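Given next are the chains, with one letter for each unit.
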Amino acid sequence: MIYVKDANLNQSWNEVSAGGNIYEPGTSLQVNTGDWRIFIPKFIEENCKQCMLCFPVCGDSAIPVENEKRLDFDFKHCKGCGVCFKVCPFKAITWEEEVK
């Protein structure tokens, strides 16, 4: 069995679990997926009304909420899908090409 903590090591084909499955629960927080994006959201806090429409549509849990308030993006996990930008009615999220 391969656990996520070992998944990035150089392993031969016969050491990989069937289907590349990872059997350890809750591993997504350990994997940096933010490097996948081409476009990046920008949070404009002064426009945010804390309506929380963006938080539940984020499939990557990249919009942290603390004390019932939405915070800036967790760019380690944001894949840049743009769903948050589409649902924000207050223009509190802009969408632009990421310069790396």
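Right above here is the structure, for reference.
These numbers were taken from a predicted model, which means no experiment stands behind them.

Peer 1: Got a minute to help me understand the overall build of the chain in this structure?
Peer 2: Counting its regular elements, the chain contains 1 helix and 4 strands. In sequence order, the secondary structure elements of the chain are arranged as β-β-β-α-β. Counting all 100 residues of the chain, 27% fall into the buried class. With an accessible surface of roughly 7200 Å², the chain has 54% of that area assigned to carbon and sulfur atoms.

Peer 1: Explanation requested: the packing of aromatic side chains in the structure shown.
Peer 2: Each aromatic ring pair is specified by the distance between its two centres and by the angle formed by the two planes. Tallied over the full model, the rule gives 3 aromatic pairs. With 6.0 Å between their ring centres and 20° between their planes, Phe 39 and Trp 95 make a pair best called stacked. Here Phe 39 is found in strand E1 (residues 39-43), whereas its partner Trp 95 is found in strand E4 (residues 93-97), with 56 residues between them in sequence. Residue classification places Phe 39 among the partly exposed residues on the basis of a relative accessible area of 37%. Taking the centre distance of 6.1 Å and the plane angle of 20° together, the rings of Phe 85 and Trp 95 count as stacked. One end of the pair, Phe 85, is in helix H1 (residues 83-87); the other, Trp 95, is in strand E4, with 10 residues separating them in the sequence. Exposure remark for Phe 85: the relative accessible area of 32% places this residue in the partly exposed category.

Peer 1: What should I look at first to understand the side chain of Arg 37 in this one?
Peer 2: Within the secondary structure, Arg 37 is located in the segment before E1. We classify Arg 37 as buried; its relative accessible area is 8%. Within the local environment of Arg 37, its side chain forms a polar contact with the backbone oxygen of Gly 34, the two atoms lying 2.9 Å apart. If sequence neighbours within four positions are ignored, Arg 37 has contacts with Phe 75, Cys 78, Lys 79, Gly 80, Glu 98 and Lys 100.

Peer 1: Honestly, the pattern of salt bridges in this entry has me stumped. Any pointers?
Peer 2: Two side chains carrying opposite charge are able to pair once their charged atoms lie near each other. The tally for this structure, following the rule as stated, stands at 2 salt bridges. For Arg 37, the salt bridge is made with Glu 98, and the minimal N-O distance between the two is 3.0 Å. On the criterion of sequence distance, the pair formed by Arg 37 in the segment before E1 and Glu 98 in the segment after E4 is long-range, its members being 61 residues apart. The partner of Asp 60 in a salt bridge is Lys 79, with the nearest N and O atoms 2.4 Å apart. Taken as a pair, Asp 60 in the loop between E1 and strand E2 (65-66) and Lys 79 in the loop between strand E3 (69-70) and H1 lie far apart in primary sequence, 19 residues in all. Overall, Lys 79 belongs to the partly exposed group, its relative accessible area being 27%.

Peer 1: Just checking my understanding: could you explain the nonpolar core for this structure?
Peer 2: Generally speaking, nonpolar side chains in soluble globular proteins are found buried as a group. The biggest cluster of nonpolar side chains holds 12 residues, and these are Phe 43, Cys 48, Cys 54, Cys 58, Ala 62, Ile 63, Phe 73, Cys 78, Cys 84, Cys 88, Ala 92 and Ile 93. The contact partners of Cys 54, leaving out residues within four places of it in the chain, are Ile 63, Arg 70, Cys 84, Val 87 and Ile 93.

Reading the values: rules and limits
- Residues numbered from 1 in each chain as written.
- Predicted model: local features only at pLDDT ≥ 70, side-chain atom pairs only at ≥ 80, totals over all residues.
- Heavy atoms only, no water.
- Helix = DSSP H or I, 4+ residues; strand = E, 2+ residues; numbered from the N terminus.
- Buried < 20%, exposed > 50% of the residue type's maximum accessible area, 1.4 Å probe, protein only.
- Areas by Shrake-Rupley, 256 points an atom, 1.4 Å probe, with all protein chains shown as cover.
- Phe/Tyr/Trp six-rings, centres within 6.5 Å; stacked < 30°, edge-to-face > 60°.
- Polar contact = N/O pair within 3.5 Å; in protein donor to acceptor, adjacent residues only side chain to side chain.
- Contact = heavy atoms within 4.5 Å.
- Salt bridge = Lys/Arg side-chain N within 4 Å of Asp/Glu carboxyl O.
- Core = buried A, V, L, I, M, F, W, Y, C linked by side-chain atoms within 4.5 Å.

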